[in-house]
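Read off the chains here:
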Amino acid sequence: MAEPSLAVRRRSRSSSERKRSRAPVLPVALFFLMWCCFGVLIPPVFYLQCDNDSEEDMFGDYDSFCGNNSLLAQVDDIENKYLQDKNMDVKAAGDILLGALQSGVYEKEQDNFSASENVVVLKSDKEGACQMHDGNSPGGNQELTESILDVLPSSQLLYFEQMNELSSASRTSPVSKGRDEHVDFSSDKIKGPSSFCAGAEHRNRPIDSSSHSKCVLSKTESLKDHLKNAMTGNAKAQTLHVSKTKQLKEAILSEEIFVARKAIESSSVDIGPFYGLPSKVKDLFRQLRGIETLYEWQHDCLMLESLQQRKNLIYSLPTGGGKTLVAEMIILQELLCRQKDVLMILPYVAIVQEKVRGLSSFGIELGFLVEEYAGSKGRFPPIKRRVKKSVYIATIEKGHSLVNSLIETERIYDLGLVVVDELHMLGEGSRGAILEITLAKILYTSKNTQIIGMSATLNNVGDLQKFLQAEYYTNNFRPVELKEYIKIRDTIYAVDSKAENGFVFSRLLNFKYSSSLEKADPDHIIALVTEVIPKYSCLIFCPTKKNCENVASMVCKYLKKEFRAHREKEKQDLIENLRIIGNGTVCPVLKQTIPFGIAYHHGGLTNDERKSIEEAYSSGVLCLLACTATLAAGVNLPARRVILRAPYVANDFLRKNQYKQMIGRAGRAGIDSAGESILIVQEKDKHLVQDLVHSPLENCYSNLLLELTKGMQSLLLSLVGLKIAATHEEVDDFMCCTLLGVQQQLLSKEKSLSEIIKDGLENLIEKGLLKGRINEKDHNSKCTLTITPLGKATYKGSIDLAYCNVLYRELKKGLEGLVLESNLHLLYLATPYDMTSTCSPDWMIYLRQFNQLSATEQKVAEIVGVPESFITKKASGQAIRKNVDNAVVNRLYLTFVLYSMLKETNIWSVSEKFNMSRGYVQNLLNSAASFASCLLHFCEELEEFWVYKALLTELTKQLTYCVKTELIPLMEVAGVLEARAKQLYSAGYKTLAHLANANPETLVKVIEHLSRRQAKQIISSAKVNIKLMEFSLNGKLEECFHVLQFPAANNSGQWIKLIS
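Residues numbered from 1 in each chain as written. Predicted model: local features only at pLDDT ≥ 70, side-chain atom pairs only at ≥ 80, totals over all residues. Heavy atoms only, no water.

Looking at the overall build of the chain
Using the following cut-off: Strands are runs of DSSP state E lasting at least 2 residues, helices are runs of H or I lasting at least 4, and numbering of each runs from the N terminus. We call a residue buried when its accessible area falls under 20% of the maximum for its residue type, exposed when it is over 50%, and partly exposed in between, using a 1.4 Å probe and counting protein chains only. Each accessible area is a Shrake-Rupley result for a 1.4 Å probe, and residues are judged covered by the shown protein chains and nothing else.
If you tally the helices and strands in the chain, you get 50 helices and 21 strands. Taking all 1060 residues of the chain together, the buried fraction comes to 54%. Working note: accessible area of the chain is about 47,400 Å², and carbon and sulfur atoms make up 50% of it.

Right, dumping it as structure tokens:
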């Protein structure tokens, strides 16, 4: 292994391999010029690979350094010309370069060197900028010199020394003397870490006087030779000591990563200091998560032979058992040890954002990138990194688009691991169908990509094992014991499978009810919650959103005044924070309930409100939440007691999977000795509840057939578009890799799977999405299928096939007369189709909003098919004779909501204006942003829609953030929403750089209601975003170099793409 302090691994290569590596030479030249001329201290070795043992000229066989047009040849010519013209000697030329180097040192801060297998990576470590001071005192010069040396790599120091000797060979300045002493001291001290790596002794030996004398160049040598020798030294020299402690830590981390990587590759039983990971990971889990040791099952799972052999794995444990920690450790193994990218698929946007915040700190410390793929965020294909690896945290839909882009660009092999949380989502509607398609494509196209699936609620595991070709691990472990109860009238029964009817008597409720209280609270909720709060926390799951608010109001109305005294100041701070979020407005229900430590939690809240309430509950400021079932599958908010208000979700009876997820929130590890769940049951539902409690979990079935346009047809279209399959026979082969292929005997009884495929392909041909012909007599026809431009735009934009033709017609019609006086017409095109079915317009509001439009804007309604007369008659209750498409009418109404949001950016005023919940308005805004992003990708594939590209790019950004332009950079930071962005901007943190350089303690002091943990997460996320921007620019720079070096192989279209 290479020396950790040097962090450059050199390998012997054949001459053919050396020839193939000529391409990176131009970037070397450029970065060297940047180093010399502009003070940008990026070592040229960043782009070099060289032989380890060879003493030959490492640049001798590179044409670009030997030819007449090479960098060094041009430098040589310029030097000679300059010396002839100006009568300058070599000493003066050296002084010029020395001055450039010195100015560069003072103008640029450098990054710390961190180990990576093939390159040197730079990490930010801002300890203060160097300052130049006039004066000749030895102490000042020594301090100045040490500040210079702290940021220079060894070869730059050597070159600095040589130039100084050229400029003053006969005398030794205090600066150079101090520098020489520092170099010698560093050379001696750096030997310490060598014990951590094999073969380091030879490379770490001190620089003796003979080797030092060889470095001294003659005054008569040309500048070309100086440059060439410096570049050679840069590739071969050891990295000098910057900080002894930091150097030692970096050496240990580098060595442990290397050992872990080698151990994992060899499938050794002894896989390193911490499950194949450096011990720093263990320290980070302790510091950031408070995790000291693993549970026994976690140890057993990580040591499974199937994991060591990189087999696919499904594991299942009860909620709260610690499944996510195992997944995160496997992810870190992939990123650090195997140096592969990772995709983590999560079910909801809120969980994606929470996970991005949680992993950002690990990414900063361990040197990998965390990228969010949710809503309108995410780049397709992702930027290809030369050094750092990425973990993509994605929703189900964005994960599918990401996998498509990797397959299309032949980069699917870069994806080493895919982790799927809530694997049971495979059986849930259209989202389950998309998840199945994603996993099937990975299985079919990349045999080396490992798949890990986890869930708390799996039953027919055998089918899932066959589908994913996976091993299975399960355990009933829970860190806190769960006790299940049901309540009928005032009696509580314990759930006992051994009992005759499944329940045994436990106790009677001991709470005195007055007649008025009995009438207000017939289900005895107050009796149940007062046994727990305020000392412990409690969740009440309610069937509907309105029921959540009613329960919260009712409970606080009958609580004693003593409840208000518990953490009173923090509750007032929460109310004030909600007032800031609402631009001066607070929900009346929350204003009433929060002083008692109670709140509701459902989809009617805005993202900012929901986040504030979750944080207050987690910290103990709130002790009771009345919530809907979505919280059970969302962020982790455990409680001492969980109460199920009724065995219903809306009007549907509770399913076993839902029941298990809800009661799984009971019991907080490390806080409670036990968790309790109480299901309130009416006498009429008693038998149904008996079946619910003791029945097995629901089976997981494929939804490819049930969700036709988002399932089977979408899959067939993308298979042809991605060139995974081009004939009916190849499609049949692929379908065997799906869950539907495993379950086809159960799900496709009326038709064979081949016939279903044939019908689907013919349907796509009829819609104009595919070209080809399916032989009626021979289903396995060799006729090749190809995708049409419309078909390609549809699958790349992730457009539902049910709407693709309608969307194409509307975009085409827009080209004939797109109204650009405002963005109303464009907003209509970006309004999602799938939300029209949930919209019920208020016709008086509809008419009022229409009348507030300008005359030109009113024409938009006429263009899309909603005449003014129709709106007027509906508002006045008159009969309508003319047929108008209700979907178009509802879609335009939703467009009016979005139009008001972009103009006012105040969700409270817009929700009141349209008589909608603010949560619904925000959901509409998020859906529109996501659909606008899809629409942009759709238009990019069709040249006729080029005019929409710039318009949709800006609109997507407006819909995503819906704030003033100056707040957008802050909104891109994970955990920063509108209210927090305004606070940060007002406090002077106006850019990502400001946040990345912020001090957490200062941030807590100047930003109201910001915890230290939140401050650290915000700073970490800002640093990650800056790194992403840096690597994005570097990627574009490399592409530019490629175009410059191989102009014949590139066209002007690539330049346009790069510039954009």
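Considerations on the environment of Asp800
Going by this rule: Two residues form a contact once any of their heavy atoms are found within 4.5 Å. The term polar contact refers here to a pair of N or O atoms within 3.5 Å; inside protein, the definition further demands a hydrogen-donor-capable atom paired with an acceptor-capable atom, and it admits residues adjacent in sequence only when both atoms are side-chain atoms.
If you trace the backbone, Asp800 turns up in the loop between helix 35 (789-796) and helix 36 (804-817). In this structure the C-alpha to C-alpha distance between Asp800 and Thr709, which are 91 residues apart in sequence, comes to 6.5 Å. Residues contacting Asp800, with those up to four places away along its chain left out, are Thr709 and Lys710. Of note is the side chain of Asp800, whose polar atom sits 2.9 Å from the side chain of Thr709.

A few points about the sheet that holds strand 9 (residues 470-474)
The criterion, for reference: Here a strand pair is declared whenever DSSP counts at least two bridges between the two strands. Inter-axis angles, ranging from 0 to 180 degrees, are taken between N-to-C directions of lines fitted to C-alpha atoms, where helices are fitted over the stretch in contact.
Taken in spatial order, the seven strands of this open sheet run 5-6-4-7-8-3-9, and their pairing is parallel. If you trace the sheet from one side to the other, it starts and ends with strand 5 (369-373) and strand 9, each paired once. Neighbouring strand axes in the sheet, compared pairwise and without regard to direction, differ in orientation by 15° on average. Bridge count between strand 5 and strand 6 (residues 390-394): five bridges; the pairing is parallel.

Here's the deal with the packing of aromatic side chains
The following threshold applies: Planes of paired rings set the category: under 30 degrees apart is stacked, over 60 is edge-to-face and the rest tilted, where pairs are Phe, Tyr or Trp rings (Trp by its six-membered ring) whose centres lie within 6.5 Å. Whether a charge sits over a ring depends on NZ of Lys or CZ of Arg being within 6 Å of the ring centre and within 35 degrees of the ring normal.
Taken as a whole, this structure holds 20 aromatic pairs when the rule is applied. Between the aromatic rings of Phe511 and Tyr513, the centroid separation amounts to 5.0 Å while the plane-to-plane angle is 65°, which identifies the pairing as edge-to-face. Overall, the relative accessible area of 19% leaves Tyr513 in the buried class. Plain terms: the ring middles of Tyr803 and Tyr833 are 4.8 Å apart, the flat faces sit at 15° to each other, and that makes the pair stacked. Of this pair, Tyr803 sits in the loop between helix 35 and helix 36 while Tyr833 sits in the loop between helix 37 (824-830) and helix 38 (843-851), placing them 30 residues apart in sequence. A relative accessible area of 27% places Tyr803 in the partly exposed class. Ring pairing ties together the aromatic residues Trp843, Tyr846, Phe870, Tyr893, Phe896 and Phe914, which thus form one cluster. Sitting over the face of the ring of Phe596, Arg564 holds its NZ or CZ atom 5.2 Å from the ring centroid. The residue whose ring lies beneath Arg640 is Tyr536, and the NZ or CZ to ring-centre distance is 4.2 Å.

Considering the side chain of Glu484
Stated formally: In this charge count, Lys and Arg are treated as positive and Asp and Glu as negative; neither His nor the chain ends contribute. When a carboxyl oxygen of Asp or Glu lies within 4 Å of a side-chain nitrogen of Lys or Arg, that pair is called a salt bridge.
Relative to the elements of secondary structure, Glu484 occurs in strand 10 (residues 481-488). Buried and unpaired, Glu484 has Lys660 as its nearest opposite-charge partner, separated by 4.0 Å. Apart from the residues lying within four places of it in its own chain, the contact partners of Glu484 are Tyr493, Ala494, Val495, Tyr659, Lys660, Ile663, Ser677 and Val693.

Let's talk about the side chain of Ser553
Here Ser553 is to be found in helix 23 (residues 545-557). With sequence-adjacent residues up to four places away left out, Ser553 is seen in contact with Val589, Gln592 and Thr593.

A closer look at a nonpolar patch on the surface
For clarity, the cut-off: Residues with no salt bridge and a relative accessible area higher than 30% make up the patches, which join like charges within 9 Å and nonpolar side chains (Val, Leu, Ile, Met, Phe, Trp, Tyr) within 5 Å.
Residues Tyr701, Leu746 and Leu747 make up a contiguous nonpolar surface patch of roughly 250 Å² in combined accessible area. Assignment of secondary structure puts Tyr701 in the loop between helix 29 (686-694) and helix 30 (712-721). Classification of Tyr701 as partly exposed rests on a relative accessible area of 35%.

Re the pattern of salt bridges
Across all of its chains, the model carries 32 salt bridges by this definition. For Lys611, the salt bridge goes to Glu615, with nearest N and O atoms at 2.7 Å. With Lys611 and Glu615 both in helix 27 (residues 607-618), this residue pair falls four residues apart, about one helical turn. The class for Lys611 is buried, based on a relative accessible area of 17%. Note that Glu810 is salt-bridged to Arg891, the shortest N-O span being 2.7 Å. In this pair, Glu810 sits in helix 36 while Arg891 sits in helix 41 (residues 886-904), placing the two residues 81 residues apart along the sequence. Grouping residues by exposure puts Glu810 and Arg891 together as buried. Members of the salt-bridge network, linked through shared partners, are Glu408, Lys792, Lys796 and Glu941.

Focus: helix 31 (residues 728-735)
To be explicit about the condition: What the arc describes is the spread of directions from the helix axis to the C-beta atoms.
For helix 31, the full list of buried residues reads His728, Val731, Asp732, Phe734 and Met735. With its buried residues spanning 160° around the axis, helix 31 presents them on a single face. Elements in contact with the buried residues of helix 31: helix 19 (429-445), helix 30, helix 32 (739-742) and helix 34 (753-766).

Focus: the packing of helix 31 against helix 34
Helix packing for two helices is described by the angle between their axes and how far apart those axes are. Counted only if it meets this: Oblique is the label for every angle not falling under 35 degrees (roughly parallel), over 145 degrees (roughly antiparallel), or within 65 to 115 degrees (roughly perpendicular). Note: crossing handedness is left-handed where the near helix turns anticlockwise from the far helix by less than a right angle, and right-handed where it turns clockwise. Each residue is assigned to one class: nonpolar for Ala, Val, Leu, Ile, Met, Phe, Trp, Tyr, Cys and Pro, charged for Asp, Glu, Lys and Arg, and polar for all the others, Gly among them.
Between helix 31 and helix 34, the shortest axis-to-axis distance is 10 Å and the interhelical angle comes to 125°. Here helix 31 is positioned oblique relative to helix 34, judged by the angle of their axes. As for how helix 31 packs across helix 34, the hand of that crossing is right-handed. Taking contact as the criterion, the partners of His728, Val731, Asp732 and Met735 in helix 31 are, on helix 34, Leu753, Ser754, Ile757, Lys758 and Leu761. Here the contact of helix 31 with helix 34 is composed, by residue class, of five nonpolar, two polar and two charged.

Remarks on the nonpolar core
Threshold: In this description, a nonpolar core means a group of buried Ala, Val, Leu, Ile, Met, Phe, Trp, Tyr and Cys residues linked to one another through side-chain atoms lying within 4.5 Å.
The biggest cluster of nonpolar side chains holds 199 residues, and the ones touching the most others in it are Leu439, Val555, Met735, Phe938 and Leu959. Once residues lying within four places of it in the same chain are set aside, the contact partners of Leu959 are Leu827, Leu898, Leu902, Leu925, Ala928, Ala929 and Ala932. Membership of the second largest hydrophobic core comes to 43 residues, among which are Leu307, Leu317, Val342 and Ala374.

Structural notes on the environment of Ala629
Here Ala629 shows up in the loop between strand 15 (624-627) and strand 16 (641-644). Residue class for Ala629 comes out partly exposed when judged on its relative accessible area of 22%. As a C-alpha pair, Ala629 and Cys542 span 87 residues in sequence and 7.3 Å in three-dimensional space. The residues touching Ala629, leaving out its near neighbours within four places in the chain, are Phe541, Val649 and Met662.

Remarks on unusual backbone geometry
Along the chain, Phe380 connects to Pro381 via a cis peptide bond; the corresponding omega equals -10°. Residue position: Pro381 is located in the loop between strand 5 and strand 6. Cis peptide bonds are those with omega within 30 degrees of zero, and the linkage from Ile533 to Pro534 qualifies with 0°. Along the polypeptide, Pro534 turns up in the loop between helix 22 (525-530) and strand 13 (538-541). Even without glycine at this site, Tyr275 takes up a positive phi of about 55°.

Examining the sheet that holds strand 19 (residues 674-681)
Across the sheet, eight strands lie side by side as 12-11-10-19-16-13-15-14; this open sheet has mixed pairing. At either margin of the open sheet sits one strand with a lone partner, and together these are strand 12 (503-508) and strand 14 (598-601). Looking at each pair of strands side by side, their axes are set apart by 25° on average, direction ignored. Pairing of strand 13 with strand 16 involves four bridges; the strand directions are parallel. For Ile540, the partnering residue across the bridge sits in strand 16 and is Ile643. On top of the sheet, helix 27 reaches strand 13, strand 14 and strand 15; it is set at about 135° to strand 14, its chief contact. On top of the sheet, helix 28 (residues 656-663) reaches strand 10, strand 13, strand 16 and strand 19; it is set at about 145° to strand 16, its chief contact.

What about the pairing of strand 5?
Burial analysis of strand 5 places five of its five residues in the buried class, the great majority of the element. With burial as the criterion, each face of strand 5 is covered, one bearing Leu369, Glu371 and Tyr373 and the other bearing Val370 and Glu372.

A short note on the pairing of strand 14
For clarity, the cut-off: We call a crossover right-handed when, viewed with both strands directed away from the observer, the connection leading from the first strand over the helix to the second proceeds clockwise.
The two faces of strand 14 match: Ile598 and Tyr600 on one face and Ala599 and His601 on the other face are all buried. Here strand 14 pairs with strand 15 via four bridges, running parallel. Bridge pairing in strand 15 links Ile598 to Leu624. Taken together, strand 14, helix 27 and strand 15 form a β-α-β motif whose crossover is right-handed.

What to know about the confidence of the model for the chain
This is how it is decided: The pLDDT value tells you how sure the predictor is about a given residue, anywhere from 0 up to 100.
Summarising the model, the chain shows a mean pLDDT of 78, and 71% of its residues fall at 70 or more. The model gives residues 266-271 a pLDDT under 50, and that stretch makes ten contacts with residues more than four places away or in other chains.

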